Amino acid sequence: MLALSHYNSSASPLLPRFSNDSGGKVEAMVAVEGLSQQGNLTLVQPTTSGVIVVILSMTLGIISNIVALFILANAYSLQRRRTKATFLLFATSLVVTDFFGHVIPGALVLRLYLYGGVHPNSSDRMCQFLGGSMVFFGLCPLFMGSAMAAERCLGVTKPLLHSSLVTKTRTKICLSVIWLAALCVAMLPCFQLGSYTYQDPGTWCFIQVLSDTQEVDVAFVVLFSGLGLTSLAVALVCNTISGLTLVLARFRRRLGSHHSAKSHDIEMVVQLVGIMVTSCICWSPLLIFGLMSVIRSYTGSIGEDLSSYKTLMVMGVRLATWNQILDPWVYILLRRTVLRKIYLIAKCQAGLRGNILGRWEPTSFHSSEKKQVNQV
């Protein structure tokens with residue numbers, strides 16, 4: 001979906017809403033041809049450099065997810081701790097979801113990009129599928145991130161309760177519920193509860209937020225953004241509690257207590273914090289901009305700010321697409337072995353710096369002056 005960043009966004013305005021029926025393809029052709037005749041829609045041919053950048057970004061995302069999936073699958077097969085195995089099952093499911101969320105919408109956006117935007121042969125069904133894919137693959141990582149944070153919070157604060165409640169079977173049921181809930185939200189426009197439409201510059205589809213918004217569109221955006229922001233808030237609270245608990249356990253260990261933070265707990269919480277920070281940076285702009293846009297559009301107060309909100313929405317979706325590329329690197333880089341190597345390298349560098357600074361301490365000057373006096 002990074003094709004959005006290499007398309008001329010000033011070339012075309014927002015396209016009108018297409019109906020969700022069997023005549024969608026015909027209506028799309030009529031709408032596109034009408035806008036083309038009026039000069040409001042220009043189908044821009046993609047440049048060679050733009051296509052290369054898009055293909056490289058798609059390849060980077062695919063390779064990142066495959067590498068992370070291989071690492072997690074290998075760790076899951078070797079893991080004997082039930083708590084760690086549950087976390088790895090969640091993490092593996094998240095990477096698989098990110099992989100398909102990068103490939104499926106990305107391939108559709110790349111197809112639109114290669115056509116230079118909305119093509120006369122583009123059907124309404126394609127827009128509905130692309131919009132639904134973006135909502136589904138957007139909510140799934142956010143739901144999973146909050147579920148993983150809640151599971152770790154329970155494991156860190158109440159380990160006995162966690163061992164009795166959390167099992168592999170219940171984890172799989174939880175994952176199934178998450179996928180089903182995200183799918184139900186994504187399919188709401190199929191029941192006329194909201195709608196998907198082509199967004200400026202015509203290379204992606206999303207919820208109707210900027211023109212012709214109705215009450216169902218406002219409710220749909222509020223539901224989507226509300227669920228996403230709530231998931232981020234739950235992850236933030238749970239990770240904060242887990243982090244503080246581990247820090248207190250570390251202090252107790254220094255004071256001679258038998259209860260101390262385990263290394264695998266620290267590793268999992270560090271990875272969860274990385275997931276949370278990545279999700280907040282990548283998804284918060286789109287969730288917030290969507291809410292702002294649909295409210296101002298529905299109340300009719302968007303006025304001359306329409307072009308600015310178009311730009312904000314495009315920026316928001318660009319950031320959101322990076323979530324599926326950056327998530328795998330959380331597991332690749334924030335593993336215990338990698339963190340240990342980074343710690344050892346930093347410690348060695350600090351030791352070398354300390355030795356160098358030690359040569360320039362005041363005592364070294366006094367000793368050198370004494371030597372010079374003795375020589376005289």
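What you are looking at is a predicted structure, and each value in this text was computed from that prediction instead of being measured.

1. Side note on empty space enclosed by the protein
For the structure shown, the criterion picks out three cavities of 30 Å³ or more. Quantified by volume, the largest cavity comes out at close to 70 Å³. Mapped onto the lining of the largest cavity, the elements with two or more residues apiece are α4 (124-157), α7 (215-254) and α8 (263-299). Here the residues of the lining of the largest cavity sort into seven nonpolar, five polar and no charged.

2. Section: the UniProt feature "transmembrane region" (unreviewed entry) in the protein
Under the local residue numbering, the UniProt record ascribes the feature "transmembrane region" (unreviewed entry) to residues 51-75, 87-114, 134-154, 175-198, 218-248, 269-292 and 312-334. With 96% helix and 0% strand, residues 312-334 has its two end C-alpha atoms placed 32 Å apart.

3. So, the packing of aromatic side chains
Counted under the stated rule, the structure contains four aromatic pairs. The interplanar angle of 65° and the centroid separation of 5.9 Å between the aromatic rings of Tyr196 and Phe220 together place this pair among those described as edge-to-face. Separated by 24 residues along the polypeptide, Tyr196 in strand β1 (residues 196-199) and Phe220 in helix α7 bring together distant segments of the chain. Of the two residues examined, Tyr196 and Phe220, each falls in the buried class.

4. Some details on the pairing of β1
The pairing of β1 with strand β2 (residues 204-207) spans four bridges and is antiparallel. Each residue of the ladder has a partner; that of Tyr198, found in β2, is Cys205. Between β1 and the antiparallel strand that follows it, β2, lie four residues; Gly202 among them carries a positive phi value of about 90°.

5. Description of the side chain of Ser293
Its location among the elements puts Ser293 in helix α8. Ignoring sequence-local partners within four residues, the contact set of Ser293 consists of Val209, Leu210, Tyr309 and Met313.

6. Re the packing of α4 against helix α6 (residues 168-186)
The contact between α4 and α6 brings their axes to 8 Å, and the two run at 145°. The hand of the α4/α6 crossing is right-handed. Contacts from Gly132, Val135, Phe136, Leu139, Cys140, Phe143, Met144 and Ala147 in α4 reach Cys174, Leu175, Ile178, Trp179, Ala181, Ala182, Leu183, Val185 and Ala186 in α6. Per-class residue counts for the contact of α4 with α6 are 16 nonpolar, one polar and no charged.

7. Quick word on the pattern of salt bridges
Following the criterion strictly, the structure yields one salt bridge and no others. Note that Glu151 and Arg152 form a salt bridge whose closest N and O atoms lie 3.2 Å from each other. Exposure class is identical for Glu151 and Arg152. Each is buried.

Rules behind the numbers
Residues numbered from 1 in each chain as written. Predicted model: local features only at pLDDT ≥ 70, side-chain atom pairs only at ≥ 80, totals over all residues. Heavy atoms only, no water. 1 Å grid on protein atoms, 1.4 Å probe; cavity = no way out; pocket = protein on both sides within 12 Å on 5 of 7 lines; lining within 4 Å. Points joined across faces, edges and corners; volume = space filled by probe spheres on them. Helix = DSSP H or I, 4+ residues; strand = E, 2+ residues; numbered from the N terminus. Nonpolar A, V, L, I, M, F, W, Y, C, P; charged D, E, K, R; others polar. UniProt positions renumbered as here; feature names shortened; annotations may be inferred. Phe/Tyr/Trp six-rings, centres within 6.5 Å; stacked < 30°, edge-to-face > 60°. Buried < 20%, exposed > 50% of the residue type's maximum accessible area, 1.4 Å probe, protein only. Pairing = 2+ DSSP bridges. Contact = heavy atoms within 4.5 Å. Axes fitted to C-alpha atoms, helices over the stretch in contact; angles between N-to-C directions. Left-handed = near helix turned anticlockwise from the far one by under 90°. Salt bridge = Lys/Arg side-chain N within 4 Å of Asp/Glu carboxyl O.

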